[in-house]
Amino acid sequence: MSSEILIGGLMVDKKPVNGHQILISTKSLNRHGLIAGATGTGKTKSLQVMVEELSLKGVPSLVMDIKGDLSGLGAPGSTNKIIEERAHHIQMEWEGKGFPLEFLSISDEPGVKLRSTVSEFGPIVLSKILSLNDTQQGLLAMLFQYCDDQGLPLLDIADLKTVLRFAAAEGKAEFQKMYGLVPTNSAHAIMRKITQLEQQEGDRIFGEPSFDVGDLCETKDGLGVINVLRLTDVQAKPGLFSAFMLSLLAELFQTFPEIGDPEQPELMIFIDEAHLIFKNASKELLEQLDTIIKLIRSKGIGIVFITQTPDDIPENILSQLGFKLQHALRAFTAKDRKAIRLMAQNFPESDTYNVEELLTELGIGEAVVSFLDRKGRPQPLVHSLMRPPLSRMDVLSNSELDSIVKNSKLKDKYEKRLDRISAHEELTKRIEEELEAKEELENEVPERPVAKKATTTRKEKSTLEKVMASSVTRTIARELTRGILGVFGISTTRRRTTSRRRRR
């Protein structure tokens, strides 16, 4: 089996050179990449081509489908005159072909639901997602440690909010005795950050059953399965998208073993509309993404960003990308022309092409391509006529999509959300029992006065009992037990260790 994927055919002086194919080594794909270009220049079709080529090599992919136009990968394409001409220039055998798909979702879109427990995120990643400062991060780590020590499962956002409220109120004395002072201002700040995430429906990505990232590495009949994550309803929720991507990359990084530079990737991740990840992202979140992207390639995982201009990607991340596939850019203003001049300087120098001019003159389905060979050496810049996709260039019908979702191998495993006893229920029960015991003690009528003894007993009460004795605490506790305030909980911090599985 060839260790290269076919991208397209060579063009010189804006004309195809018949039979000169452009091939990229699969060994270099874990060095990450970029597909960029103005709207309507062919980015999505280039993404489609790369995913198809990888599937043909048995490499599974995870594709972020922001616009909802990638479902056609699951059905054979149909030929036309343009496809026939391109196939002739590239000298490839074109035959319509559908590829095995799994539809995934973190929202209301149809597909297998992706979730992780709060414990699996861990306090460090969760702090980055919530943009917490050092003091707040320390408090969050304390909450995780408390739940670990007490055997309280920390599964979803409800669990985390409950433990946070307990630490700042009813259990404050207990926390202070075991771990130190609980800063009230920090507790309130964390609660506000959690609420902001909930407003973008970020709570949906927390819970059980937790998704096993090994299920992304499936093959079927020798073809790599293409996992299409449908995200059409999260475009206005960049915080949710960033949180999900960071948690997913962190989980992959911690789960997959070190394998160096394999002959081909174990998994390729394509992030369409990549600017959504970096839009409004905090400095801490960007630093965490930068670190993971640098290190994850040694796990055999490659990441490809798809966006309109390279400027959408932070420079420190852009500098790590091993290949760039640049479609046409528009130069309508002086500012546009200046930006294109700077972008042209990011490509290798070429004696064959005037890159600055070429970037504005590329036709639809043409691209400037720079890449590395199998030894990691930069190759000469080329003007490519992109090969036509083998799969459908339109979307699946609703019935076709529903059929794939219904027959999913993962559907039964992840469809039903679990709600087992966790920190929320455990802490609620504890407060209820303490409240009942306190009320029973207060309702007891002694046979004769024992004022001195009662005074001694009150002096011997713990700080927690004093807090529980207050009318404010009793009122809050009653509301909690009725479910009005909604007490939540927390889980063990031990991360799941998942073995990568690849079924053929």
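### Overview of a negative patch on the surface
Argument step 1. A cluster of acidic side chains, namely Glu432, Glu433, Glu436 and Glu440, defines a negative patch on the protein surface.
Argument step 2. Mapped onto the elements, Glu440 comes out in helix 16 (residues 423-443).

### Regarding the nonpolar core
Argument step 1. If you look at the biggest cluster of nonpolar residues, it comprises 83 residues, and the most contacted ones within it are Met64, Leu252, Ile269, Ile271 and Phe305.
Argument step 2. Residue contributions to this core peak at 10 residues, all from helix 8 (residues 238-255).
Argument step 3. With residues near it in sequence (within four places) discarded, Phe305 still touches Gly33, Leu34, Ile35, Ile271, Ala274, Phe278, Ile293, Ile313, Ile317 and Leu321.
Argument step 4. Listed in part, the 53 residues of the second largest apolar core include Leu6, Ala344, Val355 and Met386.

### Some remarks on the pairing of strand 4 (residues 61-65)
Argument step 1. When you tally the buried positions in strand 4, you get 5 out of 5 residues, the bulk of the element.
Argument step 2. Residues Ser61, Val63 and Asp65 line one face of strand 4 and the alternating positions Leu62 and Met64 line the opposite face, and both faces are buried.
Argument step 3. Sheet topology places strand 4 next to strand 9 (residues 226-230); 5 bridges connect them, and they run parallel. Following the sheet pairing, Leu62 is matched in strand 9 by Asn227.
Argument step 4. Note: strand 4 against strand 10 (residues 267-271), 4 bridges, orientation parallel. Following the sheet pairing, Val63 is matched in strand 10 by Phe270.

### Some thoughts on empty space enclosed by the protein
Argument step 1. Following the criterion strictly, the structure yields 5 cavities of 30 Å³ or more and no others.
Argument step 2. Estimates place the volume of the largest cavity at around 120 Å³.
Argument step 3. Considering the residues around the largest cavity, the lining is formed by Leu114, Arg115, Ser116, Phe121, Ile205, Phe211, Val213, Phe244, Ser247, Leu248 and Glu251.
Argument step 4. Tallying contributions element by element places helix 8 first for the lining of the largest cavity, with 4 residues.
Argument step 5. Its residues placed into classes, the lining of the largest cavity shows 7 nonpolar, 2 polar and 2 charged.

Reading the values: the criteria
- Residues numbered from 1 in each chain as written.
- Predicted model: local features only at pLDDT ≥ 70, side-chain atom pairs only at ≥ 80, totals over all residues.
- Heavy atoms only, no water.
- Patch = residues over 30% accessible without salt bridge, like charges linked within 9 Å, V, L, I, M, F, W, Y side chains within 5 Å.
- Areas by Shrake-Rupley, 256 points an atom, 1.4 Å probe, with all protein chains shown as cover.
- Salt bridge = Lys/Arg side-chain N within 4 Å of Asp/Glu carboxyl O.
- Lys, Arg positive; Asp, Glu negative; His and termini not counted.
- Charge placed at Lys NZ, Arg CZ, Asp CG, Glu CD.
- Helix = DSSP H or I, 4+ residues; strand = E, 2+ residues; numbered from the N terminus.
- Core = buried A, V, L, I, M, F, W, Y, C linked by side-chain atoms within 4.5 Å.
- Buried < 20%, exposed > 50% of the residue type's maximum accessible area, 1.4 Å probe, protein only.
- Contact = heavy atoms within 4.5 Å.
- Pairing = 2+ DSSP bridges.
- 1 Å grid on protein atoms, 1.4 Å probe; cavity = no way out; pocket = protein on both sides within 12 Å on 5 of 7 lines; lining within 4 Å.
- Points joined across faces, edges and corners; volume = space filled by probe spheres on them.
- Nonpolar A, V, L, I, M, F, W, Y, C, P; charged D, E, K, R; others polar.

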